[in-house]
Amino acid sequence: MKQFNDERDYHDMFDDIFEKWNVTTFFQPIIDTRANRVYGIDATAWLQSKGSNCTDFISPHDFLTAAEKSGEIISITKELLLQIQDYLANHSDIDKCRDLRFFIKISPLHLFSENIMEFAEDCIQTAKKLDKLNAKLVIEVNSRIPFDLIHKLKLLSALLTIQKNTFFALGDFGAGHSNIEMLFGFDFDYIKIDKSMFFPLTDKVIMHGFADDLMSGLSKQNTAIIVSGIDSVYHLQYFLNKNVSLFQGELFKAPVAYKNFNGLDYFDYG
């Protein structure tokens with residue numbers, strides 16, 4: 001998988017992005033361990049150099065900061081929404097999944113863009129297609145750069161009131177600029193936490209006092225908790241003991257290109 005090491009790499013990467021790169025949406029299931037079912041799908045945009053081997057993809061972890069700095073995150077997300085709609089058009093069977101949630105990540109730039117109305121309309125069109133299949137759209141806000149997001153989130157929420165079955169998640173909680181203050185400023189439906197916040201050193205080393213206090217505080221919020229990055233039974237068991245039931249990670253299933261996704265089938269998670 002290609003890595004980018006300096007600003008020059010990033011600048012070259014996003015110069016005429018769609019002439020050099022294909023955007024491919026990857027899906028990863030979110031599992032409800034309490035109900036033993038797929039609860040949702042986390043949709044992320046990956047990049048593939050045109051003319052490269054079909055398996056040569058660049059994960060969002062390697063380019064999202066650059067995409068935000070360049071402003072190309074806006075066009076990348078638009079393509080992601082179109083590919084979700086393409087998937088829905090060919091998979092009407094998802095209506096059997098009982099209220100499936102599709103999570104899409106947005107940047108503060110989506111909220112501060114002059115095209116916020118157009119972005120809201122793209123979300124509405126996607127949400128309408130999901131609603132026909134008894135599924136819902138979840139907009140996950142990931143704040144890697146400092147912005148006062150709350151009033152803009154309220155604006156986006158107001159724009160989306162026409163499509164009532166749209167939800168909001170605070171992603172990357174504890175990282176970047178996603179913090180407890182945002183929880184008090186906006187009525188999020190979900191908080192998404194990466195397990196690395198609790199296991200910063202090794203699989204079996206945990207900051208117990210901090211982790212226990214944080215989980216206790218979050219559990220008092222009227223907000224569902226999702227833990228991502230779960231790749232071992234040890235991690236899973238810790239959060240199960242904290243009454244968390246929604247998980248995402250390679251312990252369950254790795255992200256795959258949406259056209260190859262068959263993760264709605266039940267599978268054993270350990």
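Being a predicted model, the structure only gives us computed values, none of them experimental.

Q: I tried to follow the overall build of the protein on my own but got confused; where do I start?
A: Summing up its helical and strand segments, the protein has 10 helices and 10 strands in all. Taken over 270 residues, the protein has a buried fraction of 51%. Sequence-distant contacts, at least 24 apart, represent 68% of the contacts inside the protein between residues at least 6 apart. Per element, the accessible surface of the protein, about 13,000 Å² overall, is 49% carbon and sulfur.

Q: Sorry if this is basic, but what is going on with the packing of helix α4 (residues 73-90) against helix α6 (residues 116-132) here?
A: A packed helix pair is summarised by two numbers, namely the angle formed by the two axes and the spacing between the axes. Packing of α4 against α6 brings their axes to within 10 Å, and their N-to-C directions diverge by 15°. Comparing their axes, α6 and α4 come out roughly parallel. Judged by the twist between their axes, the crossing of α4 over α6 is left-handed. Contacts between α4 and α6 pair T77, K78, L81, I84, Q85 and L88 from the former with E118, F119, D122, C123, Q125, T126, K129 and L130 from the latter. A per-class count over the contact of α4 with α6 returns six nonpolar, four polar and four charged.

Q: Explanation requested: the confidence of the model for the protein in the structure shown.
A: Low-confidence regions, as indicated by low pLDDT, have predicted coordinates that should not be scrutinised in detail. Of the residues in the protein, 77% reach a pLDDT of 70 or more, and the chain-wide mean stands at 79. Confidence over residues 4-8 falls short of pLDDT 50; this stretch has seven contacts with residues more than four positions distant or in other chains.

Q: Would you mind going over unusual backbone geometry with me for this structure?
A: A negative phi angle characterises most non-glycine residues, just as the trans form characterises most peptide bonds. You will see that N134, though not glycine, has its phi angle at about 60°, which is positive. With respect to the helices and strands, the residue N134 is situated in the loop between α6 and β5 (136-141). A positive phi angle is found at N243, which is not glycine, with a value near 65°. Tracing the backbone shows N243 in the loop between α10 (233-241) and β9 (246-247).

Q: Please clarify how α6 should be interpreted in this entry.
A: Because an α-helix packs 3.6 residues into every turn, residues spaced three or four apart end up facing the same way. With 17 residues, α6 ought to run about 24 Å at 1.5 Å a step, and its terminal C-alpha atoms sit 24 Å apart, in line with that. Buried within α6 we find I116, F119, A120, D122, C123, I124, T126, A127 and L130. Looking at the packing, one finds that the buried side of α6 touches α4, β4 (101-106), α5 (108-112), β5, α7 (150-159) and β6 (166-170). Note on α6: the residue one or two positions beyond its end, N134, has a positive phi of about 60°.

Q: Teacher, can you tell me more about empty space enclosed by the protein here?
A: Summary: where empty space remains is shown by rolling a probe the size of a single water molecule over the atoms. By the definition in use, this model includes two cavities of 30 Å³ or more. There is about 160 Å³ of room inside the largest cavity. Along the walls of the largest cavity sit 16 residues, with A45, L64, I73, T77 and K105 positioned nearest its centre. For the lining of the largest cavity, the elements supplying multiple residues, two or more each, are β2 (37-49), α3 (64-70), α4 and β4. At four residues, the largest contribution of residues to the lining of the largest cavity is made by α4. Here the residues of the lining of the largest cavity sort into nine nonpolar, four polar and three charged.

Q: How should I be thinking about the layout of surface pockets in this particular structure?
A: If you add up the space inside the second largest pocket, you get close to 160 Å³. Contributing to the lining of the second largest pocket are Q85, L88, A89, Q125, K128, K129, K132 and L133. Counting only elements with at least two residues in the lining of the second largest pocket, the list comes to α4 and α6. Tallying contributions element by element places α6 first for the lining of the second largest pocket, with four residues. Class assignment for the residues of the lining of the second largest pocket results in three nonpolar, two polar and three charged.

Q: Looking at this structure, I do not really get the environment of T166. What am I missing?
A: With respect to the helices, strands and loops of the structure, T166 is situated in strand β6. Note on T166: relative accessible area 12%, which makes it buried. Taking C-alpha positions, T166 is 9.9 Å from L130, a pair spaced 36 residues apart along the chain. If we skip the residues at most four places from it in the chain, T166 touches A127, L137, I139 and L160.

Q: Which parts of the structure should I look at to understand the nonpolar core?
A: Soluble globular proteins: nonpolar side chains tend toward being buried together. Counting residues in hydrophobic clusters, the biggest one holds 69 residues, and the most contacted among them are F102 and I104. When residues of this core are assigned to their parent elements, the largest contribution, seven residues, is made by α4. Each residue touching F102, except ones within four places of it in the same chain, is listed here: F27, I41, I84, Y87, L88, I94, L130, K136, L137 and V138. Residues A169, Y190, I226 and L246 belong to the second largest nonpolar core, which totals nine residues.

Q: Can you walk me through the packing of α6 against α7 in this structure?
A: Between α6 and α7, whose axes approach to 10 Å, the crossing angle comes to 50°. Comparing their axes, α7 and α6 come out oblique. Crossing geometry of α6 relative to α7 is assigned as right-handed. Each of I116, M117, F119, A120 and I124 in α6 lies in contact with α7, whose residues at this interface are L155, L156 and L159. A class-by-class count of the residues in the contact of α6 with α7 yields eight nonpolar, no polar and no charged.

Scoring rules and cut-offs
Residues numbered from 1 in each chain as written. Predicted model: local features only at pLDDT ≥ 70, side-chain atom pairs only at ≥ 80, totals over all residues. Heavy atoms only, no water. Helix = DSSP H or I, 4+ residues; strand = E, 2+ residues; numbered from the N terminus. Buried < 20%, exposed > 50% of the residue type's maximum accessible area, 1.4 Å probe, protein only. Contact = heavy atoms within 4.5 Å. Areas by Shrake-Rupley, 256 points an atom, 1.4 Å probe, with all protein chains shown as cover. Axes fitted to C-alpha atoms, helices over the stretch in contact; angles between N-to-C directions. Parallel < 35°, antiparallel > 145°, perpendicular 65-115°, else oblique. Left-handed = near helix turned anticlockwise from the far one by under 90°. Nonpolar A, V, L, I, M, F, W, Y, C, P; charged D, E, K, R; others polar. pLDDT = per-residue confidence, 0-100. Expected span 1.5 Å × (residues − 1). 1 Å grid on protein atoms, 1.4 Å probe; cavity = no way out; pocket = protein on both sides within 12 Å on 5 of 7 lines; lining within 4 Å. Points joined across faces, edges and corners; volume = space filled by probe spheres on them. Core = buried A, V, L, I, M, F, W, Y, C linked by side-chain atoms within 4.5 Å.

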